[in-house]
Amino acid sequence: MFKSLSPNLKSSITRSITQTFEQYMAEIGWDPDRYDMNDFMKRWSEYITKKALWYEKIPDDVKLSAEFHEDIATRINEVIRKVLSEPPSEEQIASIQQMQEKLETQYFYECKAEAAYVESELKKRVDA
């Protein structure tokens, strides 16, 4: 059912998953021990029902369909896998390394989104 949606709608759904996941991970400090799929899903569900403009464009019969929910679960897993596998940029690596040397810290990061979080946290400390 997900595949039958318009490209714009699919793109909006994917973007909402990505944004919600990255925000959730930032809130838990990218700590894998604190990650809770149920908590993430609760937050994403809350986002789509209260803030997402695309949600009302999906017919109610589709929203209630078990097949649609399975498709969405698959898409969520694909998006999370993609976020976690995208390597940090060379610019991020250089920026983080420079700030870590200045602050004498040793943060570890494995993907581009986590690097963005670490870079943001380091900038806060540098600017403090």
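Residues numbered from 1 in each chain as written. Predicted model: local features only at pLDDT ≥ 70, side-chain atom pairs only at ≥ 80, totals over all residues. Heavy atoms only, no water.

Colleague: Hey, could you run me through helix α1 (residues 7-27) in this one?
Modeller: Side chains three or four residues apart in an α-helix point the same way, a direct result of the helix having 3.6 residues per turn. Under the 1.5 Å per step criterion, the end-to-end length of α1 is 30 Å for 21 residues, consistent within 8% with the ideal 30 Å. Buried-residue contacts for α1 involve α2 (37-50) and α4 (66-85). Where α1 ends, the next residue or the one after it, G29, has phi of about 65°, a positive value. (Helix = DSSP H or I, 4+ residues; strand = E, 2+ residues; numbered from the N terminus. Expected span 1.5 Å × (residues − 1). Contact = heavy atoms within 4.5 Å.)

Colleague: Looking at this model, I keep getting lost on the environment of V79. Mind explaining?
Modeller: Mapped onto the fold, V79 is located in helix α4. Since its relative accessible area comes to 5%, V79 is described here as buried. (Buried < 20%, exposed > 50% of the residue type's maximum accessible area, 1.4 Å probe, protein only.)

Colleague: Which parts of the structure should I look at to understand the side chain of E119?
Modeller: In this structure, E119 sits in helix α6 (residues 112-127). For the buried residue E119, which engages in no salt bridge, the nearest side chain bearing the opposite charge is K123, 4.2 Å off. Beyond its immediate stretch of four places on either side in the chain, E119 contacts Q92, S95, I96 and M99. (Lys, Arg positive; Asp, Glu negative; His and termini not counted. Salt bridge = Lys/Arg side-chain N within 4 Å of Asp/Glu carboxyl O.)

Colleague: Help me understand unusual backbone geometry, please; the structure alone is not making it clear to me.
Modeller: Most peptide bonds take the trans configuration, and most residues that are not glycine carry a negative phi. Phi is positive for W30, close to 55°, though the residue is something other than glycine. Mapped onto the elements of the fold, W30 is located in the loop between α1 and α2. Take W30: its relative accessible area is 7%, and that puts it in the buried class. Even without glycine at this site, E104 takes up a positive phi of about 55°. Within the fold, E104 resides in the loop between α5 (90-103) and α6. Judged by relative accessible area, E104 falls into the exposed class, the value being 74%.

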